[in-house]
Amino acid sequence: MPKAVVSEEKRRRRRPTRGGRVLSERLIVDTALRLLREHGSSGLSARRLGLALDCDPSTLYRYFRGMDELTLAIGDTLIGQALSGWSPTGDWRDDLRALGRRIHQAYVAHPQAAVLTTSRVTGRANELAADEAVLGVLRAAGLPVAAAVRVYHAFIDQTLAFAALDAASLALPNAALRAEDEVWSTYARLPATTHPHLAEAAPLLATEMVLSAYPSALELLLDAVATRLAAA
């Protein structure tokens, strides 16, 4: 049976760990992000967290019901980092562009954590704030609620999908990542007689395909929204 989660206030009154630190949700999440960065997803466990925090692993279950709840908290923390410092300007296109790029960058900055969390729905405060912000921008732009929901769906799924794709590449070992990038340069050696379009595009592919396509995809989505608004 999972242990009952103790309120944050009561946790703060507990004794420090053997290392002299007072545990909190934020400290545990920050430590989990560090372990993911250093060891990958396979390195995140209650035992390893306990060692890193100098506490008994069972203590962590006073803060999270299990590792899955900790995973959701990690995802919500990344969304919170994306929202930090953002505020609407009143220009719907600039606001959506900024939100999309911020969310994408927050996940890509922690690729191992992104691989674990981009497909999850946390229902936590930061995720709710991000959803409210996107829908608010779309409604203020003039979209009816049903259209706003459809665009929101496409916007957030596109952002998280590209974040997952780009993060998965960055989470590869350096040698594998370099090898993938170098494959694009081999296209220049393809004969135009058999692959005319690839041969023609090879120099551009070599520089374009090693970059994230998210900025371009985002602009295409924003163009579609602008067209819909103009038609309305």
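Residues numbered from 1 in each chain as written. Predicted model: local features only at pLDDT ≥ 70, side-chain atom pairs only at ≥ 80, totals over all residues. Heavy atoms only, no water.

Within an unreviewed UniProt entry, the label attached to the protein chain reads TetR family transcriptional regulator, and the organism entered is Actinoplanes palleronii.

Draft legend 1. Local environment of the UniProt feature "domain: HTH tetR-type" (unreviewed entry) in the protein chain. Per the UniProt record, "domain: HTH tetR-type" (unreviewed entry) is annotated on residues 22–82. In the segment residues 22–82, helix accounts for 64% and strand for 0%; the C-alpha atoms at its two ends are 27 Å apart. (UniProt positions renumbered as here; feature names shortened; annotations may be inferred. Helix = DSSP H or I, 4+ residues; strand = E, 2+ residues; numbered from the N terminus.)

Draft legend 2. The UniProt feature "DNA-binding region" (unreviewed entry) in the protein chain, seen in detail. Taking the UniProt record as the reference, the feature "DNA-binding region" (unreviewed entry) is found at residues 45–64. Annotated as 40% helix and 0% strand, the span residues 45–64 places its first and last C-alpha atoms 13 Å apart.

Draft legend 3. Looking closely at the pattern of salt bridges. The full count for this structure, using the stated rule, is eight salt bridges. A salt bridge links R65 to E69; the nearest nitrogen and oxygen atoms lie 3.0 Å apart. Because the salt bridges share partners, they merge into one network encompassing R93, D94, R97, E219 and D223. (Salt bridge = Lys/Arg side-chain N within 4 Å of Asp/Glu carboxyl O.)

Draft legend 4. Region of interest: the packing of helix 5 (residues 92–108) against helix 7 (residues 125–141). For the pair helix 5 and helix 7, interaxial distance at closest approach is 10 Å and the crossing angle is 165 degrees. When the axes of helix 5 and helix 7 are compared, the pair comes out roughly antiparallel. Handedness of the helix 5/helix 7 crossing: left-handed. On helix 7, the residues touching W92, D95, L96 and L99 of helix 5 are A133, V134, V137, L138 and A141. Of the residues assigned to the contact of helix 5 with helix 7, the class counts are eight nonpolar, no polar and one charged. (Axes fitted to C-alpha atoms, helices over the stretch in contact; angles between N-to-C directions. Parallel < 35°, antiparallel > 145°, perpendicular 65-115°, else oblique. Left-handed = near helix turned anticlockwise from the far one by under 90°. Contact = heavy atoms within 4.5 Å. Nonpolar A, V, L, I, M, F, W, Y, C, P; charged D, E, K, R; others polar.)

Draft legend 5. Here's a closer look at the side chain of D166. One can find D166 in helix 8 (residues 145–170). Buried and without a salt bridge, D166 has R101 as its closest oppositely charged side chain, separated by 11 Å. At 2.7 Å, the side chain of D166 and the side chain of H104 are in polar contact. Every residue in contact with D166, bar those within four places of it in the chain, is listed here: H104, V108 and S212. (Buried < 20%, exposed > 50% of the residue type's maximum accessible area, 1.4 Å probe, protein only. Lys, Arg positive; Asp, Glu negative; His and termini not counted. Polar contact = N/O pair within 3.5 Å; in protein donor to acceptor, adjacent residues only side chain to side chain.)

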